[in-house]
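Topology and contacts: notes
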Amino acid sequence: MDFLTVLVDFFSGFGQNFAYLAVFLTLLLCGFGLPVPEDVSLVSGGVIAGLGYANEHVMFAVGMAGVLVGDGTVFLLGRIYGVRVLQIPFIAKFITPERFLTVQEKFSKYGNWVVFVGRFMPGLRMPIYLTAGTSDRISFVRFLSLDFLAAAISVPIWVYLGHYGAQNLDHLRELVHQGQLTLFSIVGAFLGAVILIFYVKKKLFSQT
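Residues numbered from 1 in each chain as written. Predicted model: local features only at pLDDT ≥ 70, side-chain atom pairs only at ≥ 80, totals over all residues. Heavy atoms only, no water.

1. Details of the layout of surface pockets
Remark: the empty space left among the atoms is shown by a probe the size of a water molecule rolled over them. For the largest pocket, the calculated volume is near 500 Å³. Around the largest pocket, the lining comprises 27 residues; the ones closest to its centre are P37, E38, P122, G123 and R125. Only α2 (15-31), α3 (38-50), α8 (122-134), α9 (140-164) and α10 (169-207) provide two or more residues apiece to the lining of the largest pocket. Broken down by element, the residue count for the lining of the largest pocket peaks at 6 residues, all from α8. Per-class residue counts for the lining of the largest pocket are 16 nonpolar, 5 polar and 6 charged. Structurally, the lining of the largest pocket is a two-domain feature, drawing no fewer than three residues from each of domain 1 (3-169) and domain 2 (178-207). (1 Å grid on protein atoms, 1.4 Å probe; cavity = no way out; pocket = protein on both sides within 12 Å on 5 of 7 lines; lining within 4 Å. Points joined across faces, edges and corners; volume = space filled by probe spheres on them. Helix = DSSP H or I, 4+ residues; strand = E, 2+ residues; numbered from the N terminus. Nonpolar A, V, L, I, M, F, W, Y, C, P; charged D, E, K, R; others polar. Domains from an automatic or database assignment.)

Okay, here's the thing in structure tokens:
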């Protein structure tokens, strides 16, 4: 499915008065596992700004608000319900007990920075944030701080890229693909550095 065309048509159908609300609610639902790529939703928001349905700077703010509110709500669900959250039907569809345990292991091994990396991992984002909420390892303020830091990198890239390529969606699709590969490469390098640091620290600790 060509999500870009579908979302651009969907958002622009709300006109200038409700386009921001449509983008915000879509991003909010993405935080709960809506099977729509969050990056494409942000790009689409940028596109409708480029087409004159919205202001690109306001759309950036709306994008930040949408992802942070969605992520924060998922975290609070984990914090309030604990592991019982897996019994909630719509969450159980996306997160199996096995997947939840896998994320718990990663979180225990690599610490709070898993939250930062999770923003760039669509398939694991919700389980990571939910697991962060169920644990006592990270406060809500620290979670939002790390999530904000990651979102401040990804959100403006997608929104302004969409605004830039609004007049040529074919070319924009190529730019989005290149941008996804670049972000994944950067995150991969960052994750590799984190693993290396933990390995070195563990080695030094074992020698003392």
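Once the structure has been displayed, the description carries forward.
2. Overview of the UniProt feature "transmembrane region" (unreviewed entry) in the protein chain
Taking the UniProt record as the reference, the feature "transmembrane region" (unreviewed entry) is found at residues 18-37, 57-77, 140-161 and 181-200. From the first C-alpha to the last, residues 18-37 spans 21 Å; its make-up is 70% helix and 0% strand. As a span, residues 57-77 carries 100% helix and 0% strand, and end to end its C-alpha atoms are 30 Å apart. (UniProt positions renumbered as here; feature names shortened; annotations may be inferred.)

3. Describing the packing of α2 against α3
Where α2 contacts α3, the axes come no closer than 10 Å and their chain directions differ by 175 degrees. Between α2 and α3, the crossing angle belongs to the class labelled roughly antiparallel. Here A19, V23, T26, L27 and C30 of α2 come into contact with α3, specifically with E38, S41, L42, G45 and I48. Class assignment of the residues belonging to the contact of α2 with α3 gives a composition of 6 nonpolar, 3 polar and 1 charged. (Axes fitted to C-alpha atoms, helices over the stretch in contact; angles between N-to-C directions. Parallel < 35°, antiparallel > 145°, perpendicular 65-115°, else oblique. Contact = heavy atoms within 4.5 Å.)

4. Overview of the packing of aromatic side chains
For the structure on display, the rule yields 7 aromatic pairs. Ring geometry for F10 against F14: centres 5.0 Å apart, planes inclined by 80 degrees, an arrangement best described as edge-to-face. With a relative accessible area of 41%, F10 lands in the partly exposed category. Judged by relative accessible area, which is 35%, F14 ranks as partly exposed. With 4.5 Å between their ring centres and 20 degrees between their planes, F75 and F143 make a pair best called stacked. Separated by 68 residues along the polypeptide, F75 in helix α4 (residues 56-81) and F143 in helix α9 bring together distant segments of the chain. Since its relative accessible area comes to 0%, F75 is described here as buried. The exposure class assigned to F143 is buried, which follows from its relative accessible area of 0%. Joined through ring pairs, the aromatic side chains of F75, Y129, F140 and F143 make up one cluster. (Phe/Tyr/Trp six-rings, centres within 6.5 Å; stacked < 30°, edge-to-face > 60°. Buried < 20%, exposed > 50% of the residue type's maximum accessible area, 1.4 Å probe, protein only.)

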